[in-house]
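# Close look at the chain arrangement
Residues per chain are reported as follows:
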Amino acid sequence: MLRDSDATRHLFEVSSGLDSLVLGEGQILAQVKQVVRSGQNSGGLGKNIDRMFKDAITAGKRVRCETNISSGAVSVSSAAVELALMKLPMSEALSARMLLIGAGKMGKLVIKHLIAKGCKKVVVVNRSVERVDAIREEMKDIEIVYRPLSEMYEAAAEADVVFTSTASEALLFTKEHAEALPSISDAMGGVRLFVDISVPRNVGACVSEVDHARVYNVDDLKEVVEANKEDRLRKAMEAQTIITQELKRFEAWRDSLETVPTIKKLRSYADRIRASELEKCLQKIGEDNLNKKMRRAIEELSTGIVNKLLHGPLQHLRCDGSDSRTLDETLENMHALNRMFNLDTEKAIVEQKIRAKVEKTQN
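Counting restarts for each chain: residues are numbered from 1 in the order of the written sequence. Under the rules for a predicted model, residues below a pLDDT of 70 receive no local features and side-chain atom pairs below 80 are neither given nor counted, while totals for whole chains, interfaces and linings still include all residues. Think of the side-chain values as coming from all heavy atoms in the structure, minus any hydrogens and water.

An unreviewed UniProt entry annotates the protein chain as Glutamyl-tRNA reductase originating from Zoysia japonica. UniProt positions are given in the numbering used here, feature names are shortened, and annotations may be inferred rather than shown by experiment. Its UniProt record gives the protein chain the following Pathway (unreviewed entry) comment, quoted word for word: "Porphyrin-containing compound metabolism; protoporphyrin-IX biosynthesis; 5-aminolevulinate from L-glutamyl-tRNA(Glu): step 1/2."

### Some points on the overall build of the protein chain
Counting its regular elements, the protein chain contains 15 helices and six strands. Working definition: with a 1.4 Å probe on protein chains only, accessible area under 20% of the residue-type maximum means buried, over 50% means exposed, and in between means partly exposed. A burial count over the protein chain gives 42% of its 363 residues as buried. Of the accessible surface of the protein chain, which amounts to about 20,100 Å², a share of 52% is contributed by carbon and sulfur atoms. Strands are runs of DSSP state E lasting at least 2 residues, helices are runs of H or I lasting at least 4, and numbering of each runs from the N terminus. Surface accessibility in these figures is a Shrake-Rupley result with a 1.4 Å probe; residues are shielded only by whichever protein chains are displayed.

### Considering unusual backbone geometry
Of all residues except glycine, most have a negative phi; of all peptide bonds, most are trans. Note the cis peptide between Val-199 and Pro-200, where omega equals 0 degrees. Along the chain, Pro-200 falls in the loop between β5 (192–196) and β6 (213–216). A positive phi is found at Asn-68, a non-glycine position, where the angle reads about 55 degrees. Along the chain, Asn-68 turns up in the loop between α3 (47–67) and α4 (69–72). A relative accessible area of 46% places Asn-68 in the partly exposed class.

### Thoughts on the side chain of Asp-196
Relative to the helices and strands, Asp-196 resides in strand β5. Counting rule for charge: Lys and Arg are taken as positive, Asp and Glu as negative, and neither His nor the chain ends is counted. In the sections that follow, a salt bridge refers to a side-chain nitrogen of Lys or Arg positioned within 4 Å of a carboxyl oxygen of Asp or Glu. With no salt bridge to any partner, buried Asp-196 finds its closest opposite charge in Arg-201, at an N-O distance of 5.6 Å. Polar contacts, as used here, are pairs of N or O atoms within 3.5 Å; protein pairs need one atom able to donate a hydrogen and one able to accept it. Residues neighboring in sequence count only if both atoms are side-chain atoms. Within the structure, the side chain of Asp-196 is placed 2.8 Å from the side chain of Thr-164, a separation counted as a polar contact. Of the polar contacts made by the side chain of Asp-196, one reaches the backbone nitrogen of Asn-202; its length is 2.7 Å.

### Description of the packing of aromatic side chains
Between the rings of Phe, Tyr and Trp (Trp by its six-membered ring), a pair exists once the centres lie within 6.5 Å; its type follows the angle of the planes, with under 30 degrees stacked, over 60 edge-to-face, and the other angles tilted. Enumeration over the complete set of coordinates arrives at four aromatic pairs. Site record: aromatic cluster; members linked through ring pairs are Phe-12, Phe-250 and Trp-253.

### What about the pairing of strand β4 (residues 161–164)?
Alternating positions in β4 separate into two faces, Val-161 and Phe-163 on one and Val-162 and Thr-164 on the other, with burial throughout. Sheet topology note: the strand β1 (residues 98–101)/β4 ladder contains four bridges and is parallel. For Ile-101, the partnering residue across the bridge sits in β4 and is Thr-164. At least two DSSP bridges between two strands are needed for those strands to be called paired. As defined by bridge partners, β4 adjoins β5 across four bridges and the pair is classed as parallel. Counterpart to Thr-164 in the pairing with β5 is Asp-196.

### Some points on the UniProt feature "site: Important for activity" (unreviewed entry) in the protein chain
Following the UniProt record, one finds the feature "site: Important for activity" (unreviewed entry) at His-10. The topology assignment puts His-10 in helix α1 (residues 4–15). According to the relative accessible area criterion, His-10 is partly exposed, its value standing at 32%. Not counting the four nearest positions on each side in its chain, His-10 is found in contact with Leu-2 and Asp-19. The contact criterion used throughout is that any non-hydrogen atoms of two residues lie within 4.5 Å.

### Topic: the sheet that holds β1
Pairing in this open sheet of six strands is parallel, and the strands run β3-β2-β1-β4-β5-β6 from one edge to the other. Either end of the sheet is taken by a strand with one partner, and the two such strands are β3 (143–148) and β6. Across the sheet, the axes of successive neighbouring strands diverge by a mean angle of 20 degrees, strand direction being ignored. Angles shown run from 0 to 180 degrees and are taken between the N-to-C directions of axes, each axis being a line fitted to C-alpha atoms and, for helices, limited to the stretch in contact. The strands touched by helix α6 (residues 105–117) are β1, β2 (121–126), β3 and β4; relative to β1, the strand with the most contacts, the crossing angle is about 160 degrees.

Given below as C-alpha cells:
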C-alpha cells in the first residue's frame, strides 16, 4: 500500500516505464493516457487526480526524451522476438518457421520486429482474415500467410516457433496438445518454442514438460533485457532525477491550493470595488450619453486595470514549482495580503495544513 508522495512517485515511475518488465517500454505511457481519457469521460477525475496524472504523463515524456531510455529498451513484443531468436541455433534462426496466433496490436508488433530481425515469412492464425489482410497491406517486407482459427493446431505442427497473443481466457496449448505435435528437426535444436505474450496466458507452463517443447512467457523476457542492464540502470538513475523534479512541481502546485481561499477573496474584494466605482462613473456620465460600445469599453477598461493590478499579488500566492518561491514565502505573502485587505480568511487553519504537509514530507 503506497500513500501520499510514495503513491505519486509510483505513478510517475510507471508512466516513465521504470516499473515495466521491459524498462522504458513506450506502451505503458499510452495506457496511462487512456486512463486519463476514460476518467475524464466518466467524470471520475477530481482536480488533484487529474493534475497528478497529467504531470505523470509529462514526467514520462521527459524521461523518454531526455534520457533516451526507450532506445536501449524493447517492448514486450520485441523482447519476445529476441528471446525466440536467442534460443534458436544462430545459423538457422532466420530460416525458422514462424507462427503467430492472434493479429491484435501485440501480434502486429511481433510481425514488425520479425521484419526488423530479417525474417521473410510468418504464418498468422486469426479469427478473421480482414485484420491479417490489413497487416499484409501495411507490411510489404514479409510474406504473411493466413490460416483460420480452426487450423491452429495444424499450423502449429508445421512451425518451429509459436508466438501466442490472443485475448483468450482459456489455454490454447496444454501438455496434451504439445505431445500431439510432431518433433522438430535437429537443425532447429529439436525443440518447438512457444513464446506466450498473452495475459492471461495462452500456453500452459506444463508444455515445457514435453521433451520437444519449451514455453516462455512474459516473465522469461527478463533474460532478453539483462544484456543491457548497466545502461538501463544508468538511464533509470537519470530518470529518477527528472521524476523528482516533476514530483516537487506537482506537490508545490497541490500545496499552493491551500492559498486559493485568499486568492478568491482578494479577487472578490477587487471586483466589488471595481463594480462600485464603475457604477459611480456611469452615473456621472449619464446613461443617455453612452451607447453600448462606449459602455463596454469603459467596463473592459476597469476590468483590465484590476487584472493588471492583481497579477503581481496573485502570482506571489501561487507556489507551483515554476519559480524559486518556497511555501514559507507564499505563506508570508498570504498573511500580508490578508492584513492589508482584511480578507478574513481562516489563515491559521490554512497555515496549519501547509506546515503539516511540509513536516510530513521532511519526516
